[in-house]
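Breakdown of the fold
Now for the letters of each chain:
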Amino acid sequence: VQLQASGGGLVQAGGSLRLSCAASGRTFSSYAMGWFRQAPGKEREFVAAISRSGSSTYYADSVKGRFLISRDNAENTVYLQMNSLKPEDTAVYYCAATARVGPVIYLYAGDYDYWGQGTLVTVSG
């Protein structure tokens, strides 16, 4: 599967952005999906994950209540709605996919086999 992330940009603190990740290739609904981010000088960190059907989601504590992950299997797209953005949310955001059989949600980067190219989100204070 190939992943193409988009939707990043510059936004003021308190603002919102919606990231999209379009998938091509094998059946999208066979992949559990996740969003990760990497800030300058820091390691890549988990942001949110969603199950194949979209019925289960999980969030990092730092974004819980502000971000919402969703997917549209008919459109082969996963979304990350980001609200109440903070300067510390500034990072390159990556979408990832895994076809592994097991848990419905995957929280670790090593569990994902396919990655998008990343989209930069900059939140000004």
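Notes on the structure in this doc start here. (Residues numbered from 1 in each chain as written. Predicted model: local features only at pLDDT ≥ 70, side-chain atom pairs only at ≥ 80, totals over all residues. Heavy atoms only, no water.)

A few words now on the state of the cysteines. This structure, assessed with the given rule, holds one disulfide. One disulfide bridge connects Cys21 with Cys95, the sulfur atoms lying 2.1 Å from each other. Taking the sign of the torsion about the S-S bond as the criterion, the disulfide between Cys21 and Cys95, at about 65 degrees, is right-handed. Of this pair, Cys21 sits in strand β3 (residues 17-24) while Cys95 sits in strand β9 (residues 91-98), and the two are 74 residues apart along the sequence. (Disulfide = S-S within 2.5 Å. Helix = DSSP H or I, 4+ residues; strand = E, 2+ residues; numbered from the N terminus.)

Secondary-structure assignment places Ala60 in the loop between β6 (57-59) and β7 (67-72). Assessed through its relative accessible area of 14%, Ala60 is described here as buried. Along the primary structure Ala60 and Leu107 are separated by 47 residues, whereas in three dimensions their C-alpha atoms are 9.0 Å apart. Beyond its immediate chain neighbours, meaning those up to four positions away, Ala60 contacts Phe46 and Val47. (Buried < 20%, exposed > 50% of the residue type's maximum accessible area, 1.4 Å probe, protein only. Contact = heavy atoms within 4.5 Å.)

Moving on, we come to the side chain of Thr98. With respect to the element layout, Thr98 can be found in strand β9. A relative accessible area of 0% means that Thr98 is categorised as buried. Engagement of the side chain of Thr98 in a polar contact is seen with the backbone nitrogen of Arg100, the distance being 3.2 Å. Separated by 2.9 Å, the side chain of Thr98 and the backbone oxygen of Asp111 make a polar contact. Apart from residues lying up to four places away in sequence, Thr98 is in contact with Ser30, Tyr31, Ala32, Arg52, Tyr106, Asp111, Tyr112 and Asp113. (Polar contact = N/O pair within 3.5 Å; in protein donor to acceptor, adjacent residues only side chain to side chain.)

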